[in-house]
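# Overview (structure and organization)
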Amino acid sequence: AVFAVDRYEALARKDIDPVAGLTDRVGRPPLSGPLYVYAQMPMGEEFQRFQDSVMFGGAPDLERRTEYWVRHSDAREAILAQAQPLASVLARLPEHEALIRDLATQVNQPLGEMVFVPLLGKDDRDFLAVLDPLTAEITAVAPTGSWVWQDFAKEP
């Protein structure tokens, strides 16, 4: 599970081009469940090279570039800064009340303390990813369609 910019993306190990030292930078993959990593946007001149390689060179985007991955635990605050209150879904999209209440029950946490970010899964399917407010790891997932992206995009 790679956090890049404002969302998690679920990638299969076969979709990743590993680089030397990756395990040293992000840790060993767990025996079961996802490996959580953070894709850190390059800065300065490296940002321009990165952007050019993606836009003009056909290189993979940030979430697939393992050379930019760092330990998830080192980026917890940056991830949670992108999260939004799950209760805001009820205020803006009341037709999803049953889904939100089910998620709160599933993770056994008060709705007022729950936060989420979008999650892009395989085949470009959209999900709502509920995050643990301490670790920023995904605690629950619900399929959403595109409303998460359209209605809850963070302003730049």
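Up top is the structure these notes are about.
It should be emphasised that the depicted structure is a prediction, and the values quoted were computed from it without experimental measurement. Counting restarts for each chain, with residues numbered from 1 along the sequence as it is written. Whole-chain, interface and lining totals are the exception, using all residues; otherwise, since this is a predicted model, local features are given only for residues with pLDDT of at least 70 and side-chain atom pairs are given and counted only at 80 or more. With hydrogens and water set aside, each side-chain value is computed from the structure's full complement of heavy atoms.

## Let's talk about the environment of Tyr-36
Quick note on the threshold: In DSSP terms, a helix is any run of H or I states spanning at least four residues, a strand is any run of E spanning at least two, and both are numbered starting from the N terminus. Here, two residues are considered to be in contact whenever any of their heavy atoms come within 4.5 Å of each other.
Here Tyr-36 is to be found in the loop between helix H1 (22-26) and strand E3 (37-39). Sequence-distant contacts of Tyr-36, that is, excluding residues within four places in its chain, are made with Ala-1, Tyr-8, His-72, Glu-137 and Ile-138.

## Looking at the pairing of strand E6 (residues 115-120)
The side chains of a regular strand alternate, residue by residue, between the two faces of the sheet. Cut-off, in case you're wondering: Buried residues are those whose accessible area, probed at 1.4 Å on protein chains only, stays under 20% of the maximum for their type, while exposed residues exceed 50% and partly exposed ones sit between those limits. Two strands are counted as paired when DSSP detects at least two bridges linking them.
For E6, a buried count of six out of six residues is recorded, marking the element as mostly surrounded by other parts of the structure. In the sheet, strand E2 (residues 7-9) pairs with E6 via two bridges, with the strands oriented parallel. Of the residues in E6, the one forming a bridge with Glu-9 is Leu-120. In this structure, strand E5 (residues 84-85) lies alongside E6, joined through two bridges in antiparallel fashion. Residue Gln-84 lies in a different strand from E6, and its bridge partner there is Phe-116. Across six bridges, the pairing between E6 and strand E7 (residues 126-131) is antiparallel. Bridge pairing in E7 places Pro-118 opposite Leu-128. Turn length for the E6-E7 hairpin, with the two strands adjacent in sequence and antiparallel, is five residues, and the turn residue Asp-123 shows positive phi of about 60°.

## Thoughts on the pattern of salt bridges
It is possible for side chains bearing opposite charge to pair when their charged atoms get close. How we decide: Salt bridges, as used here, are contacts in which a Lys or Arg side-chain nitrogen is within 4 Å of a carboxyl oxygen on Asp or Glu.
Inspection of every chain in the model, using the stated rule, returns eight salt bridges. The partner of Glu-9 in a salt bridge is Arg-7, with the nearest N and O atoms 2.8 Å apart. We note that Glu-9, like Arg-7, is buried. The salt bridge involving Arg-49 is made with Glu-45; its shortest N-O contact spans 4.0 Å. Taken together, the positions of Arg-49 and Glu-45, both in helix H2 (residues 44-55) and four residues apart, correspond to about one turn of that helix. Each of the salt bridges in this network shares a partner with another, and the network as a whole consists of Asp-6, Arg-7, Glu-9 and Glu-63.

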